[in-house]
Amino acid sequence: MDRVADLSECLVEISDVANLSGRESEYLSDTKEKLIRMGDAVTPIDYFVEIFIRQMYVGEVSRCYVTTKTDHQIEFTIKLMAIDCPRYFYELSPKELFEISSKYKEQGVKMYKKYPEFAQNYFNLAAKLLISLKPFNTLDDREANESFKHQIDQQSLQALHDGIYLNIAAGLIKQNRYEDALYVLIDLTDRTNNEKGIYRRALAHLNLKQYDEARQQIERLNFKENHEFHALHNRIASEMKEYNERYANMVKKMFG
């Protein structure tokens, strides 16, 4: 195989690293031959290293440049020496796709606090892999190969799916993409009473100034027993009152 794929393990030689300046990178921390598995990066620089490797052929040597937000340019040379990629996503069993999705979710969680946008890429990929198995409740019937059956149960698939969607929604809210967050959360919160999902849905409604919807969601929870939930409930009530007062004053000025 000549090109790198999503499941590839690549033997590379890293050399001539310049201007790293203490930035986090496992791949560039030493200049020697190393085996890099696609999807293992947990820092932005290593994420870009994997992107570069994916564009290369065996035997190719590339001088690579990464420019940071502060206009700092990191340089390094990669030589792709060998690729091992025994299988593609479409060849995997449901259990194997479940395990890879779980791994991508974990990678996203590791990156979320420092690098939320990069974490979102992992969450999105994990979700895409699980979506390929939907609907979960007919999975056994759709698998012609008997060896694939009963490898993973519907409840585990659904729990992982919901957890990934909660993470995606958190990232979208962090990026002020409230309508997108609602799109991700509505099915989950209509189907379950997941507290994190309901809280995030209420928060998204609030930021869109959809006060009635926000209040309806937060009041589904036992908000008086949870400080964070109670604080959001109070914020919704306060902003709703202020909005209604402004609206009343506007109407009074126009027609009073």
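Higher on the page you've got the structure.
Because the structure is a prediction, the values reported are computed rather than measured.

**Q** So what exactly am I meant to see when it comes to the overall build of the protein chain here?
**A** When its secondary structure is counted, the protein chain shows 9 helices and 4 strands. Traced from its N-terminal end to its C-terminal end, the protein chain shows the element sequence β-β-α-β-β-α-α-α-α-α-α-α-α. Rg of the C-alpha trace for the protein chain: 24 Å, well past the compact-globule value of 18 Å for 256 residues, more than 25% over. Expressed as lengths along the three principal axes of its C-alpha atoms, the size of the protein chain is roughly 80 × 55 × 35 Å. Every one of the 256 residues in the protein chain was classed for burial, and the buried ones make up 41%. Here the contacts in the protein chain between residues at least 6 apart in sequence split such that 58% fall between residues at least 24 apart.

**Q** Looking at this structure, I do not really get the pairing of strand β4 (residues 73–84). What am I missing?
**A** Remember that side chains alternate between the two faces of the sheet whenever the strand is regular. Across 8 bridges, strand β1 (residues 9–18) lies against β4 in antiparallel orientation. When the sheet's bridge partners are listed, leucine 11 is paired in β4 with alanine 82. The pairing of strand β3 (residues 61–67) with β4 spans 7 bridges and is classified as antiparallel. Paired with valine 66 across the two strands is isoleucine 74, which belongs to β4. Connecting the antiparallel pair β3 and β4 is a turn made up of 5 residues, with aspartate 71 showing a positive phi of about 65°.

**Q** How should I be thinking about the nonpolar core in this particular structure?
**A** Nonpolar side chains in soluble globular proteins tend to be buried together. Ranked by size, the top nonpolar core spans 71 residues in total, and within it Val49, Ile53 and Ile78 carry the most contacts. Contacts of valine 49, omitting those with residues within four sequence positions, involve Tyr27, Leu28, Ile36, Phe76 and Ile78.

**Q** What am I meant to see in the pairing of strand β2 (residues 33–37) here?
**A** Every second residue of β2 is oriented toward a common face, the buried set being Lys34 and Ile36 and the non-buried set Glu33, Leu35 and Arg37. One ladder, built from 5 bridges, connects β1 with β2; its direction is antiparallel. Its bridge partner lying in β2, glutamate 13 is registered against glutamate 33.

**Q** I would appreciate a short explanation of the sheet that holds β3 in the present structure.
**A** Strand pairing in a sheet is mediated by backbone hydrogen bonds. Such pairs are either parallel or antiparallel. Reading across the sheet, the 4 strands line up as β2-β1-β4-β3 and stay open at both edges, with antiparallel pairing between neighbours. Single-partner strands in this sheet number two, and they are β2 and β3. The sheet shows a mean angle of 40° between the axes of neighbouring strands, taken without regard to direction. Together, β1, β2, β3 and β4 form the strand contacts of helix α1 (residues 44–54), whose direction differs from that of β4 by roughly 50°.

**Q** Help me understand the packing of helix α2 (residues 94–112) against helix α3 (residues 116–131), please; the structure alone is not making it clear to me.
**A** Packed helices, taken two at a time, are described by the angle between their axes plus the distance between the axes. Relative to each other, α2 and α3 sit at 165°, their axes nearing to 8 Å. With respect to their mutual orientation, α2 and α3 come out roughly antiparallel. Crossing of α2 against α3: the hand is left-handed. Residues Leu97, Ile100, Ser101, Tyr104, Lys105, Gln107, Gly108, Val109, Met111 and Tyr112 of α2 pack against Pro116, Phe118, Ala119, Tyr122, Phe123, Leu125, Ala126, Leu129 and Leu130 of α3.

**Q** Looking at this model, I keep getting lost on the packing of aromatic side chains. Mind explaining?
**A** Both the distance between ring centres and the angle between the ring planes are used here to describe each pair of aromatic rings. In this structure the tally under the stated criterion is 8 aromatic pairs. Centre to centre, the rings of phenylalanine 48 and phenylalanine 118 are 5.8 Å apart; their planes meet at 85°, and the pair counts as edge-to-face. Taken as a pair, phenylalanine 48 in helix α1 and phenylalanine 118 in helix α3 lie far apart in primary sequence, 70 residues in all. By relative accessible area, which is 33% here, phenylalanine 48 ends up partly exposed. Given a relative accessible area of 19%, phenylalanine 118 falls into the buried group. When the centroid spacing of 5.6 Å and the interplanar angle of 35° are considered together, the rings of tyrosine 199 and phenylalanine 229 count as tilted. With tyrosine 199 in helix α7 (residues 195–207) and phenylalanine 229 in helix α9 (residues 227–255), the pair connects residues that are 30 residues apart, well separated along the chain. For phenylalanine 229, a relative accessible area of 8% gives the class buried. Put simply, the rings of Tyr47, Phe48, Tyr104, Phe118 and Tyr122 pair up and form one aromatic cluster.

The rules we used
Residues numbered from 1 in each chain as written. Predicted model: local features only at pLDDT ≥ 70, side-chain atom pairs only at ≥ 80, totals over all residues. Heavy atoms only, no water. Helix = DSSP H or I, 4+ residues; strand = E, 2+ residues; numbered from the N terminus. Rg over C-alpha atoms; globule rule 2.2 N^0.38 Å. Buried < 20%, exposed > 50% of the residue type's maximum accessible area, 1.4 Å probe, protein only. Contact = heavy atoms within 4.5 Å. Pairing = 2+ DSSP bridges. Core = buried A, V, L, I, M, F, W, Y, C linked by side-chain atoms within 4.5 Å. Axes fitted to C-alpha atoms, helices over the stretch in contact; angles between N-to-C directions. Parallel < 35°, antiparallel > 145°, perpendicular 65-115°, else oblique. Left-handed = near helix turned anticlockwise from the far one by under 90°. Phe/Tyr/Trp six-rings, centres within 6.5 Å; stacked < 30°, edge-to-face > 60°.

Nothing here speaks to function; it is geometry throughout.
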